Amino acid sequence: MQTYKGIAIDDSLLPLIGHIESVEEYREMLQTLQAVWDNLTLLGQLSGTGTDMSGTRQAFTGLTAALLNNLGIETRKKVVLEMESKAQVAVDIMVRNLFERTADIGFLATDDDIRAYLEFVAKCTDNIHFRDELRQRREQIVKHFREYARKYTVYHNIILLDTEGKVMAQLDADNAVAASADPLIATSLATDDAYVETFRHSDLVPGLATSLIYSYRVMAADGSRPLGVLCLCFRFENETAGIFGNLVTEGDWCTLALLDEDGTVIACSDAYHVPVGAHLEKVLDADCKVVRFAGREYLAVTRATKGYQGYMGPGWLGHVMVPLEKAFSRATADRLSQVPASLLAGVMMSPTLFSQDLRGIPPQAERIQRELNRSVWNGNVRQSSDKKAINPAFSKVLLWEISNTGLKTRDVFARSIGNLHETVVSSILEDCQFLASLAIDIMDRNLYERSDDCRWWALTTAFRTSLAQRSLEADAAGSIAAILRTINGLYTVYTNLLVFDANGTLVAVSSEQDAHRVGKSIGEEWVRRTLALKDSQSYAVSAFDPTDLYGGAHTYIFAAAIRAIDDANQVVGGIGIVFDAAPQFEAMLRDSLPRDEKGNVPEGCFAVFADRKRRVIATTDPRIVIGGELPIDEAFFALDNGHAYSNIVEYRKQYFAIGSKMSSGYREFKGPQDAYRNDIAALIFIPLGQVQAVIQTPLAHQEKVQMPHAARGRMGQESTEIATFYIGEEWFGIPSLNVVEAIDAVRITPLPGMPGYVRGVVMFGGDPILVFDMRDHLHFGKPVDPATYTQIVVVRGEGEPFGILVHRLGEIPEIDNDAIDSVANLFPGEGVLSESVVRPDPANGRGNILIVLSAERIRAKLIKVRERVGGTATVREFTHSLPAQA
């Protein structure tokens, strides 16, 4: 622990606390009140009121430190969590993308058209007779590249070189590069890996300072020798801009960056703020750190990638930094305003949502407040009954000031505790909404690749030429199946790849389990739509329905038309790729779930993909049925594309924070020019505790510091001062002269053989006194809970004092006697415990009837009890006579 401006704070807060606005605001208010408490404590000791405020002052000091620490820790946690999430997502989304690129280069390097072109080039080198044909073939291969780049739009150039580094063909005609000496060529020809990943300046792309290039060798058909090297040039700046754009919102002060292993900036969301090439301090040994850059302090977070399917990327890091003075600025949007009050109140009572320290603050504040109430109440009673009191007018003013300061202190604590609770809950809502955004982004990006795959594979020359034949030979069908198996071996997100002819008859499959279907009509509606597609950029997707092609389970099948080589308008068949939806979607959702400090998913959290009709596409919760309806509010689905929503709901008798994000696509997938429409929402569920009954305590019934003498007698009128209290919701009082003081309702020892209204004895002034529970002898409109008594009012009179259990202490008004009506004549009989009632007086703030109890009539009950305990024996004598076990 460290000390900050007189407050003991957690070590993690020391460099930050001065910038956490909410903590500073409450610290200033509470320390101002602390100075007032110091003065009141001194005055209380000098006034002779008998009101010692030193205990209250010390308790408030301790609670102030606990409150500010928790508020600071939760605020810090909220900000750091958001920064960590952004840093992690930035690097992980990029790594997921690059994983797909490693598969692309490995597959495209085996493309028959590319291999055939390089073999032709090698054959006709320096032969002028092949010059025209070579030019035509080069144009054809560039067209081939163009088709590929139209589908896989993540590449800005495709370059094909021979083994010496001479450019044989490239997509970008403006890239005036004829040959290259880049070492990646030699590496690509010799590597044992499945791809070569290069990120630096390359003479292959002279116009860029750095390029990300995926390359691999193209081998001869017999595998005997390399023919050249294929390079895919990735749109790195374009891709990072898209990732950063999804993570940085309007008005956001954070700067996102990707760093290389040395901490050098390779991409940034604000290049004017943090330029590419700048060196930043990495923060890998802590959750966050205050760093300096360009003469300014920042709160910074760095995260390494978690990798994807074993691929860890080029070793890059996600980095987020926020100017320290802006890191803890309060959000203008109120996330909790749309949460129903009853739900929010129930969540705030959850024993699992808040830490033990945090849950302990409200009871501590309530206990301190109750003790303060009692001190003021007792001070007033003491002043009323003590005829020798010194300067009673000053004492009453002092008690009033103590009351007023208590009200202010309570108000500050109530607001700060409320702020603390709201910080925790709003942080969870932000987190689940952010994670929902991550989940749907992963889904859109993944399905984008599926739409690309089916369209590119539909351009496979062997498929186009074979299906264009009038009669498909068995060898041709076998060759198609072999190609499908090769592709499926590289792309394991599919359970089956299938090719069908223009009649919808299955020609070949990659899965041996479905080989028996070959020669039969597929008979699913997506086949008809596939065969009617207008061009090579179009594709079709099945509805998310059960299909025999996926073992009777729900999935998507992406498909594209296969067109004749010599007539692009002639559709000769189609290709369908069966997405392995169940494990793939579940993995996407699991990767989006929240994690604790150990990297584990907190118990009860789960995620769902569902369409606008609330039909479940995928889930991590085995209790939810795929294809069934998710029974939550329509608001989570009635979202514009790309928009998000979060709220708290009751689901399965629990409170859940749910974040939802509606899909918006990725690049051209589901974009304005894409005919495919299938809106899916990602939903993240975070449990907040069991649903429980929320008892709203009316403001008038809450513990509050009582103002002394709230109603005074009129000048010249005889009056009676009455010490009031509440039993249940009813207002009672006893003349102050008959009251000694109020004490805590604790350590009550039961007595054997006593009637139910005798709760036992409690020690007072060194002697035991009887304690009465009056709920069975008074009229109450609602049942009274005996477990919620908090105070004992000690009553004096002739003989021994006794105690009355009460729930709350009330004010001590001075009442004109003519406002007091006797009830003795109205309710005769010894069972009546009240002696009078006080008429309401709204003008003086007294809107209810006050029932004044008779100490002597209650004492009559005591006499009967004494008969039970041994005639005229005192309570002390009786309790001393009891066996030790009693």
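Residues numbered from 1 in each chain as written. Predicted model: local features only at pLDDT ≥ 70, side-chain atom pairs only at ≥ 80, totals over all residues. Heavy atoms only, no water.

What about the packing of aromatic side chains?
Spelled out, the test is: Each Phe, Tyr or Trp ring, with Trp reduced to its six-membered ring, pairs with another whose centre is within 6.5 Å; inter-plane angles below 30 degrees give stacked pairs, above 60 give edge-to-face pairs, and intermediate values give tilted ones. The way it works is that DSSP assigns letters per residue, a run of H or I at least four long becomes a helix, a run of E at least two long becomes a strand, and they are numbered from the N terminus. Using a 1.4 Å probe on the protein chains alone, a residue whose accessible area is under 20% of its type maximum counts as buried, one over 50% counts as exposed, and one in between counts as partly exposed.
If you walk through the whole model with that rule in mind, you get 34 aromatic pairs. Ring plane angle 50° and centroid distance 6.5 Å describe the contact between Phe-544 and Phe-585, whose orientation is recorded as tilted. With Phe-544 in the loop between strand S15 (540–541) and strand S16 (545–547) and Phe-585 in helix H13 (residues 581–592), this residue pair connects regions lying 41 residues apart in the sequence. We note that Phe-544, like Phe-585, is buried. With a centroid separation of 5.2 Å and 65° between ring planes, the pair formed by Phe-579 and Phe-585 is classed as edge-to-face. Each member of the pair Phe-579 and Phe-585 is classed as buried. Feature note: the residues Phe-544, Tyr-556, Phe-579, Phe-585 and Phe-609 constitute an aromatic cluster, connected by ring pairs.

Observations concerning the confidence of the model for the protein chain
To keep things clear, this is the line we draw: By definition, pLDDT measures how confident the predictor is in each residue, and it falls between 0 and 100. Residue contacts are defined here by distance: any two heavy atoms, one from each residue, within 4.5 Å place the two residues in contact.
Predicted confidence across the protein chain gives a mean pLDDT of 86, with 88% of residues reaching 70 or more. This stretch, residues 696–713, has a pLDDT under 50; its non-local contacts, to residues over four places away or in other chains, come to 55 contacts.

Comments concerning the pattern of salt bridges
Any two side chains of opposite charge can pair, so long as their charged atoms come close to each other. Definition in use: Think of a salt bridge as a Lys or Arg side-chain nitrogen and an Asp or Glu carboxyl oxygen that are within 4 Å of each other.
Enumeration over the complete set of coordinates arrives at 39 salt bridges. Where Arg-137 meets Glu-133, a salt bridge forms, and the shortest distance between an N and an O atom there is 3.4 Å. Separated by four residues within a single helix, Arg-137 and Glu-133 lie in helix H4 (residues 131–151), roughly one turn from each other. The partner of Asp-773 in a salt bridge is Arg-759, with the nearest N and O atoms 3.4 Å apart. Taken as a pair, Asp-773 in the loop between strand S29 (767–772) and strand S30 (791–795) and Arg-759 in strand S28 (residues 758–764) lie far apart in primary sequence, 14 residues in all.

Comments concerning the sheet that holds S29
Our working definition: Strands pair, by our definition, only if DSSP identifies at least two bridges between them. All axes here are fitted lines through C-alpha atoms, helices being fitted over the stretch that makes contact, and every angle between N-to-C directions spans 0 to 180 degrees.
One open sheet holds the five strands; their spatial order is S27-S30-S31-S29-S28, and the pairing between them is mixed. Two strands close off the open sheet at either side, each with one partner strand: strand S27 (739–744) and S28. Taking the axes of each pair of neighbouring strands and ignoring which way they run, one obtains an average angle of 30° across the sheet. One ladder, built from five bridges, connects S27 with S30; its direction is antiparallel. Each residue of the ladder has a partner; that of Ala-742, found in S30, is Val-793.

Thoughts on the sheet that holds strand S11 (residues 296–304)
With respect to topology, five strands assemble into an open sheet ordered S9-S8-S12-S11-S10, the strand pairing being antiparallel. The sheet terminates laterally at strand S9 (265–268) and strand S10 (289–293), the two strands that pair on one side only. Put simply, the sheet's adjacent strands are angled 35° from each other on average, direction ignored. Two strands pair when backbone bridges link them, and strand S8 (residues 255–259) and strand S12 (residues 317–323) are joined in this way by five bridges, in the antiparallel orientation. Directly across from Leu-259, in S12, lies its bridge partner Leu-317.

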